[in-house]
Amino acid sequence: MKPSPSLARRSKTLSSSLGLGEKLFASSEERQFVADIESGLAIVEEQLAEQVRFTDAIADVTTRYLLDAGGKRVRPVLTLLTAQLGEGSNADVITAAQAIEITHLASLYHDDVMDEAEMRRGVPSAQTVWGNSVAILTGDLLFARASKLISSLGERALSIQAATFERLCLGQLHETIGPQDDEDPIEHYLQVLADKTGSLIALAGVVGVIFSEAPEEYREPVELFGERVGVAFQLIDDVIDLSSAVEQTGKTAGTDLRAGVPTLPLLYLRNRAETEPDAAALLDRLERDIGASTDDVIHPDFAAAVAELRHHQVTADTLAEANRWADRAVEALEPLPDGPVKKALTRFAKAIVERSG
């Protein structure tokens, strides 16, 4: 099936944003490789719009809301990339890519309720528009639709999707409860990221290997790569949360901090506050002024404290940690054969940590 010109253009933009449109893919074989990814992504995009449709008028509006708002489609791109280790983007690979993206989409509805987020992808979050109950039920509908899709691929697909869904829920639970007395807060946080974000990105890579009939020995390297890239991805989001470029991020600077979501810059700051008076003063301002902000008005003192945190060494340390996870992701690819796939996955990891919004 040939995608529409507009979707083909969007798929090219999406693949380029992840480093696949650069001059390093210069040979005719590599250009064809990138074209195949973009073609597959356009088909995924077109069919996603159909897969989230519901005959119920209300559900049809709410389930399409965040899909229509856009997104980077990191997970489908990864599925299509790893499928090139086998037969490429066959029908099962396309179905799996859609199921993974719909699972991710469903999680966003739930995350925004948990985090009391006001914005998502540059638009008001679903619970801001319809309330918490509708947003939660919309997420449930999308999880059901993703499960229906993945079940069409057989018992193995359903089993690995269920295991990942379990990790997603445990990650959210552990984030909500917080570290126990005998846990290091930073190690706890990194495990939450591996469960909440890394597990689904890892699954995206794994289903590409499985349903393209790629050699089974490629599964573990791809799975490790996906989980580590997922952690790097979320650490970069922690930095982006501090950005003042609302038009790029779709969120007000410090949104996660205001919602009480732990981020690595804040955890690093808490560690420094134990011995550094300046860090302790900044931490006190952040925690005090969060309460002075409301849903509609960001207190000027809080905004100034967020700006100071953005330029603090702890944010540079977070960027360095994100790069370490990206480097470890690339190291996991060592068993894969040299060629366009390995080169693209390496560039994929670098693009994840280079993004700014």
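What you see is a predicted model, and the numbers here were worked out from it, not measured in a lab.

### Considering the pattern of salt bridges
And step 1. Summed over all chains, the structure comprises 19 salt bridges.
And step 2. Measuring nitrogen to oxygen at the nearest pair gives 3.4 Å for the salt bridge that ties E50 to R53.
And step 3. For R53, a relative accessible area of 38% puts it in the partly exposed group.
And step 4. Of the charged contacts in the structure, one is a salt bridge between K196 and E175, with a shortest N-O distance of 3.2 Å. Highlighted residues: K196 in helix α9 (residues 185-211) and E175 in helix α8 (residues 155-177), separated in sequence by 21 residues. Judged on exposure class, the residue K196 and its partner E175 are both buried.

### A look at the side chain of T62
And step 1. Along the polypeptide, T62 turns up in helix α3 (residues 57-68).
And step 2. Its relative accessible area of 2% is what places T62 among the buried residues.
And step 3. Aside from chain neighbours lying at most four places away, what touches T62 is Y109, W130, V134 and T138.

### Description of the side chain of T138
And step 1. Its place among the elements puts T138 in helix α7 (residues 132-151).
And step 2. When its relative accessible area of 2% is taken as the criterion, T138 is described as buried.
And step 3. Contact partners of T138, with chain neighbours within four places excluded, come to T62, T63 and Y109.

### Some details on the confidence of the model for the protein chain
And step 1. Mean pLDDT over the protein chain works out to 87, with 86% of the residues at or above the 70 mark.
And step 2. Of all the helices and strands in the protein chain, helix α11 (residues 246-249) carries the lowest mean pLDDT, 47, while helix α16 (residues 313-332) carries the highest, 97.

### Some remarks on the packing of aromatic side chains
And step 1. Scanning the entire structure with this criterion turns up 3 aromatic pairs.
And step 2. Seen in terms of ring centroids, F143 and F165 are 4.7 Å apart; in terms of plane orientation they differ by 45°. Their pairing is tilted. Placement of the pair is F143 in helix α7 and F165 in helix α8, with a sequence separation of 22 residues.
And step 3. Judged by relative accessible area, which is 11%, F143 ranks as buried.
And step 4. For F165, a relative accessible area of 33% puts it in the partly exposed group.
And step 5. Centroid distance F225 to F348: 6.3 Å. Interplanar angle 50°. Geometry classified as tilted. In this pair, F225 is assigned in helix α10 (residues 219-240) and F348 in helix α17 (residues 340-354), connecting sequence segments 123 residues apart.
And step 6. A residue is classified by how much of its surface remains accessible, and F225, at 1% relative accessible area, is buried.
And step 7. By relative accessible area, F348 is classed as buried at 0%.
And step 8. A cation over an aromatic ring shows up here: R75 above the ring of F233, its NZ or CZ 6.0 Å from the ring centre.

The rules behind these values
Residues numbered from 1 in each chain as written. Predicted model: local features only at pLDDT ≥ 70, side-chain atom pairs only at ≥ 80, totals over all residues. Heavy atoms only, no water. Salt bridge = Lys/Arg side-chain N within 4 Å of Asp/Glu carboxyl O. Buried < 20%, exposed > 50% of the residue type's maximum accessible area, 1.4 Å probe, protein only. Helix = DSSP H or I, 4+ residues; strand = E, 2+ residues; numbered from the N terminus. Contact = heavy atoms within 4.5 Å. pLDDT = per-residue confidence, 0-100. Phe/Tyr/Trp six-rings, centres within 6.5 Å; stacked < 30°, edge-to-face > 60°. Lys NZ or Arg CZ within 6 Å of the ring centre and 35° of its normal.

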